[in-house]
Amino acid sequence: MTDSPTPERQLSLNAFVYPAGHHEAAWRHPSTTPERLFDAAYYQEIARTAEAAKLDAIFFADGPALRSDVEHGAVGVLEPITLLTAIAATTERIGLIATASTTYYEPYNLARLFASLDHISKGRAGWNIVTTGTDLAAANFGLDKHPDHAERYARAREFVDATVKLWDSWEDGAVLADVEAGLYADKTKIHEINFVGRHLRVRGPFNAPRTPQGHPVLVQAGASNEGRTFAGQYAEAIFTAHQRLSDAQAFYADIKDQAVRFGRRSEHVKILPGISPFIADTEAQARELEREFNELTSTDYGLDQLENITGHDVRHLDLDEKVPAGIFGEAGDVTDNKKSRVQVIAGIVEREAPTLRTLLHRLAGARGHRVFVGTPVQVADTIEEWFTRGAADGFNVMPPYYPGGLEVFANKVVPILQERGLFRIEYSGTTLRDHFGLPRPVSQYADTGDVAELA
């Protein structure tokens, strides 16, 4: 392994919570409890396991459509901001990150939801900003078609600008609560934002003061060209998918450079690839565990997933036939792509020449994120390698099954990382920004006189 990092640089580790687990057949395995997937107490228990291991945050994906084969997959989910509010009541330190779409929300109502979560949790909220990638969502919101990629990102930029302005519209110190003088707030520190863009118009001001974090941590998961530029400008943490160290290093360097070009400090952008580890005391046992899950997969479900991600029909291929090398060729390379997850899958096909059955099993584990099979030490070794060789600031841990997959990571891998000085033994702060080592932003309206004040 490479040299350990300096003490001030520590891994960030999130638990990416996917109902039964990240393997698509997890709900069928005897170690899971699919009957509890809509039980808030189930997720509260998972969050407490993550908190006991001193992880930075738990993270929930989301989307405004039922986009998978519900006949063969446990794909229904609770709305994550509501769920994280329930989790906040039973935890104290763990960060709480929810996904929400800039395409199918409006800035004011989404700003209220996340600000409320940040206030309720005393500063632990994060927003995973997505533009929504599925055409299925449009009809759920009265639209004839889903906006194209460029339009979604143009709206997203306006959306984030307007939302942050709303959060900033109350300066720190705006609330006086002066009972004797009868003054609750200083109206000179509360501002209309008067945001006018091509897609959005928002007057403001917001109807709540700044949150404990200033505003929730901004997280992003897009890796397309537009997504990378967006991340360099706005994101404070980035979730990404890579199979190889070299690809992860190239992405890491690109995002850090983009952030600097936007006048930001590179260390204020945390790059967190996904890793889905099958862990056992021996490598052979870990591979047997993976095989158990793969044998429970539904071929129809896997084909649906592959076709939804890639936009290509593959059902004409025999399951034991090698996938043609050029079938996803238009996906592009790691520096020029519009469909980043397609590129990941195309890379697997090009490098490994898998059969269709093998490819379906590869993707069953984590939908294109890196599946790792091995012992706790081997998992810790690969995390350390990526962390110390410029590929990651930490990881989005994606257990193949819940709750046991997280428990084994927490109980067997985290202590190794702690012993190596790579990960905290105790929390040093109380907010998600503290955990990530991010500064609390100052209101952009502080000490300025050129904005409209609350009348």
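Scope of this entry: the structure provided in the associated data block. Here the residue index of a chain counts from 1 through its sequence in written order. Residue-level local features of this predicted model are given only where pLDDT is at least 70; pairs of side-chain atoms are given and counted only at 80 or more, and the full residue set underlies all totals for whole chains, interfaces and linings. Heavy atoms from the whole structure form the basis of all side-chain values; hydrogens and water molecules are not counted.

**Considering the packing of helix 3 (residues 107-120) against helix 4 (residues 149-168)**
Helix-helix packing: each pair is described by the crossing angle between the helix axes and the interaxial distance. Relative orientation of the contacting elements helix 3 and helix 4 amounts to 55 degrees, with a least axis distance of 9 Å. On the basis of their axis angle, the class for helix 3 and helix 4 is oblique. Seen from above, helix 3 lies across helix 4 with right-handed handedness. In this structure, helix 3 contributes P107, Y108, L110, A111, F114 and A115 to the contact, and helix 4 contributes F159, A162, T163, L166 and W167. Each residue receives one of three labels: charged for Asp, Glu, Lys and Arg, nonpolar for Ala, Val, Leu, Ile, Met, Phe, Trp, Tyr, Cys and Pro, and polar for the others, Gly being one of them. Among the residues making up the contact of helix 3 with helix 4, the classes are represented as 10 nonpolar, 1 polar and no charged. A fitted line through C-alpha atoms represents every axis, and for helices the fit uses only the stretch in contact; the resulting angles, taken between N-to-C directions, go from 0 to 180 degrees. Numbering of helices and strands starts at the N terminus; helices are DSSP runs of H or I of at least 4 residues and strands are runs of E of at least 2. Note on terminology: angles under 35 degrees are roughly parallel, angles over 145 are roughly antiparallel, angles of 65 to 115 are roughly perpendicular, and the others are oblique. Note on convention: near helix rotated counterclockwise from far helix by under a right angle means a left-handed crossing. Clockwise means right-handed. The contact rule is simple, with two residues in contact once any of their heavy atoms fall within 4.5 Å.

**Focus on helix 6 (residues 245-261)**
Multiplying 1.5 Å by the helix residue count minus one yields the expected span of that helix. The end-to-end C-alpha separation of helix 6 is 24 Å, in line with the 24 Å expected for 17 residues at 1.5 Å each. Within helix 6, the full set of buried residues consists of L245, D247, A248, F251, Y252, I255, K256, Q258 and A259. For helix 6, the angular spread of the buried residues around the axis is 160 degrees, confining them to a single face. G263, located one to two residues past helix 6, shows a positive phi value of around 80 degrees. To sort residues, take the accessible area from a 1.4 Å probe on protein chains only and compare it with the maximum for the residue type: under 20% means buried, over 50% means exposed, and anything in between is partly exposed. In this description, one arc is meant: the one made by directions from the helix axis to the C-beta atoms.

**A few points about the nonpolar core**
Core analysis: the biggest nonpolar cluster contains 102 residues, and L55, I58 and W127 have the highest contact counts within it. When residues no more than four places from it in sequence are discounted, the contact partners of L55 are L13, N14, A15, A50, I94, L406, V414, F423, R424 and Y427. Only buried residues count toward a nonpolar core, which is a set of Ala, Val, Leu, Ile, Met, Phe, Trp, Tyr and Cys residues joined through side-chain atoms within 4.5 Å. Residues V314, I327, I345 and I348 belong to the second largest nonpolar core, which totals 16 residues.

**Points about the pairing of strand 1 (residues 12-17)**
Taken residue by residue, a regular strand's side chains alternate between the two faces of the sheet. With 6 of 6 residues buried, strand 1 is to be regarded as a mostly interior element. Side chains of strand 1 alternate between two faces, with S12, N14 and F16 and L13, A15 and V17 buried alike. When DSSP locates at least two bridges between a pair of strands, those strands are taken to pair. In terms of strand pairing, strand 1 meets strand 13 (residues 394-397) through 4 bridges, oriented parallel. The partner of A15 across the bridge, within strand 13, is V397. When strand 1 meets strand 2 (residues 57-60), the two strands line up parallel, connected through 4 bridges. Note that in strand 2 the partner of A15 across the bridge is I58.

**Regarding the packing of helix 1 (residues 40-52) against helix 12 (residues 404-419)**
The N-to-C vectors of helix 1 and helix 12 enclose an angle of 15 degrees; their axes lie 9 Å apart at closest approach. The orientation of helix 1 with respect to helix 12, classified from their angle, is roughly parallel. As for how helix 1 packs across helix 12, the hand of that crossing is left-handed. Of the residues in helix 12, those in contact with I46, T49 and A50 of helix 1 are L406, E407 and A410. Across the contact of helix 1 with helix 12, the residue classes tally to 4 nonpolar, 1 polar and 1 charged.

**A look at the pattern of salt bridges**
Salt bridge criterion: a side-chain nitrogen from Lys or Arg within 4 Å of a carboxyl oxygen from Asp or Glu. On inspection of all chains with the given rule, the structure shows 27 salt bridges. R291 is the partner of E288 in a salt bridge, and the nearest nitrogen-oxygen pair spans 2.3 Å. Highlighted residues: E288 and R291, both in helix 7 (residues 283-295), separated by 3 residues, approximately one helical turn. For E288, a relative accessible area of 33% puts it in the partly exposed group. By relative accessible area, R291 is classed as partly exposed at 35%. Here R291 ties to E295 by a salt bridge, and the two come within 2.3 Å at their closest N and O atoms. Linking R291 with E295, this pair stays in helix 7, spanning 4 residues, or about one helical turn. One salt-bridge network, held together by shared partners, links D168, D172, R210 and R440.

**Examining the pairing of strand 3 (residues 95-101)**
Of all 7 residues that make up strand 3, 7 are buried, and the element is covered over most of its length. Residues of strand 3 alternate between two faces, with G95, I97, T99 and S101 on one and L96, A98 and A100 on the opposite face, all of them buried. Pairing of strand 2 with strand 3 involves 4 bridges; the strand directions are parallel. What sits directly across from I58, in strand 3, is L96.

**Overview of the side chain of T134**
Structurally, T134 is set in the loop between strand 4 (125-130) and helix 4. The exposure class of T134 is buried, given its relative accessible area of 10%. Any pair of N or O atoms that falls within 3.5 Å is considered a polar contact. Within protein, one atom must be able to donate a hydrogen and the other to accept it, and sequence-neighbouring residues count only if both atoms are side-chain atoms. Engagement of the side chain of T134 in a polar contact is seen with the backbone nitrogen of L136, the distance being 3.1 Å.

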